[in-house]
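Report on the structure
Given next are the chains, with one letter for each unit.
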Amino acid sequence: MYQTKDILLSPDQHQDGYTVINIGPQHPSTHGVLNLVVTLDGEIIKDVQPNLGFIHRSIEKMSESLSYRQFIYVTSRMDYLSSHINNHACCLCVEQGLEIEIPKRGQYIRMIMDELTRVSSHLLWWGAQSMDLGAFTPYFYAFRERDMITDIFEKNCGARLTMNYMVPGGVMWDVQSDFMDDIKKFIKQYQSRVHEYHDLVTYNFIFQKRMQHIGIISKEDAISFGCSGPVARGSNFRCDIRKSYPYELYSSLDFNESLETSGDCFSRYLVRIKEIDESIKIIEALMADFPEGDFQAKTKAVLKLPKGEFYQKVETARGEFGVYIVSDGGATPYRIKYRSPGLSNLSILNKISQGAKIGDLIAILGTLDLVIPDIDR
Amino acid sequence: MTILKFILIPIIIIALFSIIGMFLVYMERKVCAFMQIRIGPNRVGKFGMLQTVADTLKLVLKENFSPKYIDKFLYNLAPLLAIIIPFVLTIPIAYSKSWQIWDINIGVLFITAFSSLSVISILIAGWASNNKYSMIGALRSGAQIISYELSGGLAILTIVMFSQSLKISEIIASQANGWWIIKGHIPVIVSFCIYMITITAECNRAPFDLTEAESELTAGFHTEYSGMKFALFFLAEYLNIFILSALGVILYLGGWQPFHLPNLLEFNNIMDFIPAPIWFFFKVFLIIFIIMWFRWTFPRLRIDQLLKLEWHFLLPLSLLNLIFGFILIMLNFIVK
Amino acid sequence: MNTLTDFLTNEILCEKIEDIKGNFIIYCSPEQWIEMMSSFKSNKFFVFDYMYCLTCVDLKDSLEMNYFLRATSTLDEIQIKVKLDKSNPKIETASLHWDTADILEREVYDLFGVFFSNHPNLKRIILPEDFEGFPLRKDFVDPINLIKL
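Basis of the calculations
- Residues numbered from 1 in each chain as written.
- Chains lettered and ligands numbered in written order.
- Predicted model: local features only at pLDDT ≥ 70, side-chain atom pairs only at ≥ 80, totals over all residues.
- Heavy atoms only, no water.
- Helix = DSSP H or I, 4+ residues; strand = E, 2+ residues; numbered from the N terminus.
- Rg over C-alpha atoms; globule rule 2.2 N^0.38 Å.
- Buried < 20%, exposed > 50% of the residue type's maximum accessible area, 1.4 Å probe, protein only.
- Contact = heavy atoms within 4.5 Å.
- Areas by Shrake-Rupley, 256 points an atom, 1.4 Å probe, with all protein chains shown as cover.
- Lys, Arg positive; Asp, Glu negative; His and termini not counted.
- Charge placed at Lys NZ, Arg CZ, Asp CG, Glu CD.
- Buried area = accessible area lost by both parts, 1.4 Å probe.
- Salt bridge = Lys/Arg side-chain N within 4 Å of Asp/Glu carboxyl O.
- Polar contact = N/O pair within 3.5 Å; in protein donor to acceptor, adjacent residues only side chain to side chain.
- Patch = residues over 30% accessible without salt bridge, like charges linked within 9 Å, V, L, I, M, F, W, Y side chains within 5 Å.
- pLDDT = per-residue confidence, 0-100.
- Axes fitted to C-alpha atoms, helices over the stretch in contact; angles between N-to-C directions.
- Parallel < 35°, antiparallel > 145°, perpendicular 65-115°, else oblique.
- Nonpolar A, V, L, I, M, F, W, Y, C, P; charged D, E, K, R; others polar.

Section: the overall build of chain C
If you tally the helices and strands in chain C, you get 3 helices and 7 strands. Element order for chain C, N to C, with α for helix and β for strand: α-β-β-α-β-β-β-β-α-β. Against the globule reference of 15 Å for 149 residues, chain C gives a C-alpha radius of gyration of 16 Å, in line with a compact fold. Considered along the principal axes of its C-alpha atoms, chain C spans approximately 55 × 30 × 25 Å. By residue count, 54% of the 149 residues in chain C fall in the buried class. Counting only contacts in chain C whose residues sit at least 6 apart along the sequence, the fraction spanning at least 24 positions is 47%. Surface exposure of chain C reaches about 6900 Å², of which carbon and sulfur atoms provide 51%. Positive and negative side-chain charges in chain C, numbering 16 and 25 respectively, have mean positions lying 4 Å apart.

Shown next, in the form of structure tokens:
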């Protein structure tokens, strides 16, 4: 975390006339409590060292003393923008240990919720990215659409941000009767307005110039640095877990993995925009044959996983999220490790932002789409 | 009589500019809200009209905090300098035929000369704050304002060339038979576009707000300022917009003169019925609205793109435009 | 050399290979791990170039490093377990082969106290530098912030 000697350099230690500035932990564009120690040569970035730990809550240690039903709720607080998907991963991992079958309706609800979460997360990112580049207005447009999804979550899960809707065996309760209508209303509104957003942001000359040819990640780097999600797919690296290691019913669905080849900030932007469309396609396909029946499988009151190890990975809005449970046969996990996509994506920041300008650093940081509680855990 | 003038005129200017400043802040918030599907201020007074009054009151009553290790003298001087310049700039502005403080014979030159001083207050503020963010913001503004001064000056020169005068009243008088934007053909339209871009840049407004660059430098040169000192910077920004828009109206949109259409006597008579100051302020706020529109639509440029735009594009274009205008005058294509 | 099983049994020097429903778990010693890293990256057939997870488990009497590797071309996945002495946990760094290991190893160093030799920048990453103890070890007790419920 806070390495005193890194930050408090006395003036005579600034060799070659470099300036060292702290971006964060309280800074408008770090979207949380991330601290970047940036070495500058005028406007040009020489070195970026991230300092983590400002929101470290030791969720892994906490989970060791929580039961298999309880620890899922903690994971909503990690990547709070895709809390459904985090919960989903934990549920899948516990179910993998318990070897229980989920009813079809439960799976459908889970997948629809996952995709809605992805759309809402990308919409928030879209607004925040525009704001980082100095255009404030798209933020409000993004929130108008995102609010409709959050309303759907609130109606069906009882919360707007940390849903805790998924439980081992299915979902906590059935969806409301107007669930379908709400989603249809959202899709209709989104599709009628999305071209305006493209006119405003995507095709904007200044926006394109700010995003193109900066922060280029090569495919080799993306693999070596463990990047995942839209960050890696912008560099033409096929890493969508839904495609390569399908869970739930993703193997039976027809959707495209969004890929871009150039690896710069703009391609990461395009990947996310395409992903919204793909997610909406998936939601529509799932809604078309939404089954009746149970939403939850019968499970015991106290869950006990057999002795052994379980690893489950899912695709969150930010990339590959993994849960690694080591069980000793008790009612609480022996050890839990969360593989957070943000930490690996952050580690490439220093490499791709060297030689860029301060304004570029903000754009690069934005396109990495970091959620700080997800990095610190 | 002279002494009375010396007392009255400053009081009137200060009162007028406080009202204009407050109104512009209110207008900005309403325009911004309108573009961002929000309502904007609506609690204090009818339609939130008194919101800015309440905000100003808050800023005035705030503790006058200044951080440690600053250059006290320069730190306090910078906001004063920033606010003095727009007040000086108001001298040659003509609000109507007789509402003008001093019709100085080099009025346009006076405004361009004094408006370039605003960079000094920003540089002083950035240097005296002893903050790296402020320093970077100040250095950016140095590069930005000085380079945009050039093409701004050349754009103004086009009109000076057409009207053959630097005196504000004569420039307005030369537009009695049609505003320059209408009768000036291509050179004036190009010069008007350049002028709009440059005043946006000189006022440090988005998309050229690199000196403040909220998401990059937190608040740029005024990071360390708070309370009334910050308010002075804030007010100075809006007054600068007002002055430069007023100059734009004088140069391109006929100043306080009403809108006339040729060969429509009745229409022109109705237009003449509207008082000149109302025409003037209407046009100024139209230009200000366009500048606000820019701000809430475009993303910010990067510093190298900003300088590239000026030196690679705007400056050559305004030079060519000047030559083109000169040729048109030589061919008697444009008459005064 | 057709299947991953052949590759692992013929090419890799280790203590034990377990196959649980297609998941290969390789047990090895810290010395074998050094050899293994380069052969995973440099062989022609199964290039395990993507490290998707790296963590440590405190087994009370020893520490166990877990490396999760994936071959991005064939989508094969393996897990490597390296047992370390708890009194002096020391292992060769993987950051020279997988760049992502840099930050993940720093996290393990921070929370478990495993020392990675030849690591370019082995400093505490999450906790403050004057923090005492390694919180994710089982014997760690924090007297101020009781994490145990």
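Having seen it, we continue.
Let's talk about the interface of chain C and chain A
Contacts between the two partners involve 48 residues from chain C, matched on the other side by 44 residues from chain A. With both chains or domains summed, chain C and chain A bury close to 3700 Å², and 52% of this area falls on carbon and sulfur atoms. Across the chain C-chain A interface, the total number found is 6 salt bridges. In this structure, K313(A) engages E77(C) in a salt bridge whose closest nitrogen and oxygen atoms are separated by 2.9 Å. At the boundary of chain C with chain A, the tally comes to 25 residue pairs in polar contact (both at pLDDT 80 or more). Of all the secondary structure elements, the ones that give two or more residues to the side of chain C that touches chain A are β3 (50-58), β4 (62-70), β5 (77-85) and α3 (101-112) of chain C. Take the side of chain C that touches chain A: its biggest share by element is 9 residues, from β3(C).

A look at the interface of chain A and chain B
Contacts between the two partners involve 34 residues from chain A, matched on the other side by 24 residues from chain B. It is F136(A), F140(A) and I206(A) that lose the most area in chain A upon contact with chain B, and together they represent 21% of the buried surface on that side. Counting across the chain A and chain B interface gives 3 salt bridges. Residue D304(B) is joined to K357(A) by a salt bridge in which the shortest nitrogen-to-oxygen separation is 4.0 Å. Counting the contacts that link chain A with chain B gives 9 residue pairs in polar contact (both at pLDDT 80 or more). Put simply, the parts of the chain that give the side of chain A that touches chain B at least two residues each are β1 (19-23), α5 (104-132), α6 (137-157), α8 (205-211) and α15 (358-368) of chain A. With 5 residues, β1(A) is the largest single contributor of residues to the side of chain A that touches chain B.

Quick notes on a nonpolar patch on the surface
A cluster of nonpolar side chains, L320(B), I323(B), F326(B), I327(B), M330(B), L331(B) and F333(B), forms an exposed patch at the surface whose accessible area comes to about 770 Å². Judged by its relative accessible area of 62%, L331(B) is exposed.

Quick notes on the pattern of salt bridges
Throughout the structure, instances matching the rule amount to 45 salt bridges over all chains. Between R105(A) and D174(A) there is a salt bridge, with the nearest N and O atoms lying 3.1 Å from each other. Residue R105(A) is located in helix α5, and its partner D174(A) is located in the loop between β5 (170-171) and α7 (179-202); the two are separated by 69 residues in the primary sequence. The exposure class of R105(A) is buried, given its relative accessible area of 8%. In this structure D174(A) comes out as partly exposed when scored by relative accessible area, which is 25%. Of the charged contacts in the structure, one is a salt bridge between R205(B) and E237(B), with a shortest N-O distance of 3.4 Å. Here R205(B), found in the loop between α9 (185-202) and α10 (214-217), pairs with E237(B), found in helix α11 (residues 227-252); they are 32 residues apart in sequence, far enough to count as distant. The pair R205(B) / E237(B) is uniform in exposure class, with both members buried. Because the salt bridges share partners, they merge into one network encompassing E60(A), R335(A), K337(A), R377(A) and E107(C).

Examining the confidence of the model for chain C
Low-pLDDT portions of the prediction should not be read for the details of their coordinates. Across chain C, pLDDT averages 81, with 93% of residues at or above 70. Among the prediction metrics, the complex's ipTM stands at 0.86, with pTM recorded as 0.88.

Brief notes about the packing of helix α4 (residues 107-115) of chain B against helix α6 (residues 132-163) of chain B
Residue and element names in this part refer to chain B. Look at α4 against α6: their axes get within 11 Å of each other, and the N-to-C directions meet at 175°. On the basis of the axis angle, α4 is roughly antiparallel to α6. Where α4 approaches α6, its residues V108, T112 and S115 are matched on the opposing element by E149, I156 and V160. Partitioned by chemical class, the residues of the contact of α4 with α6 number 3 nonpolar, 2 polar and 1 charged.

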